[in-house]
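Fold and contact review
Next come the chains, spelled out residue by residue.
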Amino acid sequence: QLSLFRLTMKRLHSTSHSSVDSKEMKKFQLLAQTWWDEEGEYSALHSMNDIRVPFIRDTLLNMSSNYHLGNPLSGIKILDVGCGGGLLSEPLGRLGASVTGIDPVEDNIRTADRHKSFDPVLAKRIQYKSSSLEEIVEECMETFDVIVASEVVEHVADLEMFIKCCSQVLKLEGSLFITTINKTQLSYVLGIVVAEKILGIVPEGTHEWEKFVPPEELERLLESNGFLVKTVNGMLYNPLSGSWSWMESTSINYAMHAVKCGAPRQPSPTGALSEMESEQSSATAGTTM
């Protein structure tokens, strides 16, 4: 009876306060079949792999002395949060990583599972689970070397809780990679008016500007939860060529790399990075361009 009570309480807790936004889930449920159509709704995410995969790979290789030719990420355990149909999980698996992809939308997981099954190597390296991040925290404490949350944080209901959960399932010195959209007038015009309403690059209603996260806010949340932000790179999508490139300005899209360093850091009075840190981050940015 006691265990039943605990289970009921756990369920109540998980449904009452979760980082998963049910309205966002419904949005993606409708598009679950279209993940692997490179010309379809997710074409911009397909082409984002051209810069986000090397960014993750090169950052991790720069931090490690172990290099496996052909399988550079061999031995690295990656959690892909909000993996969708597996667009990022698969290339990371091809680089040798052991990938766990989670997504609260069951149809996304079905699509991802079906797609990886065509490749016997990927079928071994990647496992998918229909789950929220909070639901796997207990069984996965300090399990992963790397967490990837690409184009996800602008859809979560409780960002601080999401980051706390990331910290709990990440090993000490583990890496967190985030790509998302800044909250600026420019991101509203390009990310919503142009991309959704005029060009139809992404389905209308995919994004809500109020939920976009400025890099300064994300950095503050990360550093108050035991992370050290190493790199912040601006990203630019060209709708004419359908390609992504790095840029200095973070006013539209950006990619961030942070490392779990344990104790939460107190932000400096100015909120600025030290000179040494900013030199390091610009050096890292140089290597990823």
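Notes on the structure in this doc start here. (Residues numbered from 1 in each chain as written. Predicted model: local features only at pLDDT ≥ 70, side-chain atom pairs only at ≥ 80, totals over all residues. Heavy atoms only, no water.)

A contiguous nonpolar surface patch, about 320 Å² in accessible area, is contributed by Leu186, Tyr188, Val189 and Leu190. Locating Leu190 in the fold gives a position in helix α9 (residues 185–198). (Patch = residues over 30% accessible without salt bridge, like charges linked within 9 Å, V, L, I, M, F, W, Y side chains within 5 Å. Areas by Shrake-Rupley, 256 points an atom, 1.4 Å probe, with all protein chains shown as cover. Salt bridge = Lys/Arg side-chain N within 4 Å of Asp/Glu carboxyl O. Helix = DSSP H or I, 4+ residues; strand = E, 2+ residues; numbered from the N terminus.)

What follows concerns the pairing of strand β8 (residues 253–260). Along any regular strand the residues' side chains alternate between the sheet's two faces. Counting buried residues along β8, eight of its eight residues qualify, which places the element largely inside the surrounding structure. Covered by surrounding structure in β8 are Asn253, Ala255, His257 and Val259 together with Tyr254, Met256, Ala258 and Lys260, the residues of both alternating faces. In terms of strand pairing, strand β5 (residues 170–181) meets β8 through seven bridges, oriented antiparallel. Along β8, the bridge assignment pairs Thr179 with Ala255. (Buried < 20%, exposed > 50% of the residue type's maximum accessible area, 1.4 Å probe, protein only. Pairing = 2+ DSSP bridges.)

What follows deals with the pairing of strand β4 (residues 144–150). Where burial is concerned, most of β4 is hidden: six out of the seven residues are buried. Direction of pairing for strand β1 (residues 77–81) relative to β4: parallel, over a ladder of three bridges. Bridge pairing in β4 links Ile78 to Val146. Where β4 meets β5, six bridges bridge the pair, whose relative direction is parallel. Within the sheet, the bridge partner assigned to Ile147 lies in β5 and is Leu176. For the handedness criterion, the β-α-β arrangement of β4, helix α8 (residues 159–169) and β5 is classed as right-handed. (Right-handed = clockwise from strand over helix to strand, strands pointing away.)

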